[in-house]
Amino acid sequence: MEKNQNIETKARALSEPLISQAGFTLWDVIFEKEGAMNYLRILFHKDSENESVTDEDCALMTTPLNELMDKQDFIKHVDILEIGSPGLTRKLRRPEHFTQNLGKPVRVVKRGEKGKTNAFCGTLCDYEPKTNEFSLQTATEKVVLNVKNCLRINLDL
């Protein structure tokens, strides 16, 4: 896990200026293993909620980010570099993701007892960065959750 965070931190610091210069905003950098492959995903978006990242936008960012990452020593751990949009139902992982999306609908899958999971849908009410707790107002109640106990936290449509 520490290696993943280190790679994500380095890749974020390197890619953020390039993405910003192109007029986009870095959403997230995710380093994860899928099967036998290690993926480094660099996800960006446009500041306007009415505009989506296009294939042309991804193509524009792919070459400079690929060239930049190829020069790095930590990249030897990466098999596939993906450049793209976080999508409409983007994952909320970082403190700024929560604070930027207060008042928006969210879908959460939480670890339950004995391997079962619990799903919640509601409006993101608040977030406390010191404890990593957030609350959702569902149709029937206000639920307080901790990020570390959640399997997935995504914006909902």
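Residues numbered from 1 in each chain as written. Predicted model: local features only at pLDDT ≥ 70, side-chain atom pairs only at ≥ 80, totals over all residues. Heavy atoms only, no water.

### Observations regarding the environment of Gln 100
Relative to the helices and strands, Gln 100 resides in helix H3 (residues 95–100). Classification of Gln 100 as partly exposed rests on a relative accessible area of 48%. Along the chain, Gln 100 and Phe 31 lie 69 residues apart, while their C-alpha atoms are 23 Å from each other. (Helix = DSSP H or I, 4+ residues; strand = E, 2+ residues; numbered from the N terminus. Buried < 20%, exposed > 50% of the residue type's maximum accessible area, 1.4 Å probe, protein only.)

### A short note on the nonpolar core
Here is a general trend for soluble globular proteins: nonpolar side chains tend to be buried in one another's company. Formed by 19 residues in total, the largest nonpolar core has its most connected members in Ile 19, Leu 40, Ile 42, Phe 44, Met 61 and Met 69. Those elements that provide at least two residues to this core are helix H1 (2–21), strand E1 (25–34), strand E2 (37–45) and helix H2 (55–70). Ranked by the residues each element gives to this core, the list is headed by H2, at 4 residues. Listed in part, the 18 residues of the second largest apolar core include Trp 27, Leu 92, Phe 120 and Val 147. (Core = buried A, V, L, I, M, F, W, Y, C linked by side-chain atoms within 4.5 Å.)

### Examining the packing of aromatic side chains
Overall, the coordinates contain 3 aromatic pairs when judged by the stated rule. Their ring planes at 50° and their centres at 4.8 Å tell us that Phe 24 and Phe 44 sit as a pair that is tilted. Placement of Phe 24 in the loop between H1 and E1 and of Phe 44 in strand E2 is noted, with a sequence separation of 20 residues between them. Given the relative accessible area of 8%, Phe 24 is considered buried. Summarising the aromatic geometry, the rings of Phe 98 and Phe 134 are spaced 5.3 Å apart at their centres and angled 40° between planes, so their arrangement reads as tilted. Here Phe 134 lies in strand E6 (residues 133–137) and Phe 98 lies in helix H3, a separation of 36 residues in the sequence. Of the two residues examined, Phe 98 and Phe 134, each falls in the buried class. A connected cluster of aromatic rings, assembled from ring pairs, spans Phe 98, Tyr 127 and Phe 134. Sitting over the face of the ring of Trp 27, Arg 90 holds its NZ or CZ atom 4.9 Å from the ring centroid. (Phe/Tyr/Trp six-rings, centres within 6.5 Å; stacked < 30°, edge-to-face > 60°. Lys NZ or Arg CZ within 6 Å of the ring centre and 35° of its normal.)

### Side note on the pairing of E1
As a general feature of sheets, a regular strand has side chains that alternate between the two faces. Examined bridge by bridge, E1 and E2 share 9 bridges and lie antiparallel to one another. Within E2, the position partnered with Lys 33 by the bridge is Asn 38. (Pairing = 2+ DSSP bridges.)

### Re the environment of Thr 89
As for its position among the elements, Thr 89 is in the loop between strand E3 (80–84) and H3. Note on Thr 89: relative accessible area 39%, which makes it partly exposed. Distance from Thr 89 to Tyr 39, taken between C-alpha atoms, is 20 Å for residues 50 residues apart in sequence. Once residues lying within four places of it in the same chain are set aside, the contact partners of Thr 89 are Asn 154, Leu 155 and Leu 157. (Contact = heavy atoms within 4.5 Å.)

### Details of the confidence of the model for the protein chain
On average, residues of the protein chain carry a pLDDT of 92, and 98% of them reach 70 or more. The lowest-confidence element of the protein chain is H1, averaging 89 in pLDDT; the highest-confidence one is E6, averaging 97. (pLDDT = per-residue confidence, 0-100.)

### Some details on the sheet that holds strand E7 (residues 142–146)
Strand pairing in a sheet relies on backbone hydrogen bonds. The paired strands run either parallel or antiparallel. If you trace the 5 strands from one edge of the open sheet to the other, you get E7-E6-E5-E4-E8, paired in antiparallel fashion. In this open sheet, the two strands that pair with only one neighbour each are E7 and strand E8 (150–155). For this sheet, the mean inter-axis angle between neighbouring strands, taken without regard to orientation, is 40°. Pairing analysis gives 5 bridges linking strand E5 (residues 117–128) to E6, with the strands arranged antiparallel. Within E6, the position partnered with Leu 124 by the bridge is Leu 136. (Axes fitted to C-alpha atoms, helices over the stretch in contact; angles between N-to-C directions.)

### Quick word on the pattern of salt bridges
A complete count under the given rule lists 11 salt bridges for this structure. Ionic pairing is found between Asp 28 and Arg 12, a salt bridge with its closest N-O pair at 3.5 Å. With Asp 28 in strand E1 and Arg 12 in helix H1, this pair connects stretches of sequence that are 16 residues apart. A salt bridge links Asp 156 to Arg 107; its shortest N-O distance comes to 3.5 Å. One end of the pair, Asp 156, is in the segment after E8; the other, Arg 107, is in strand E4 (residues 105–111), and 49 residues separate them in sequence. For Asp 156, a relative accessible area of 21% corresponds to the partly exposed category. Given a relative accessible area of 40%, Arg 107 falls into the partly exposed group. (Salt bridge = Lys/Arg side-chain N within 4 Å of Asp/Glu carboxyl O.)

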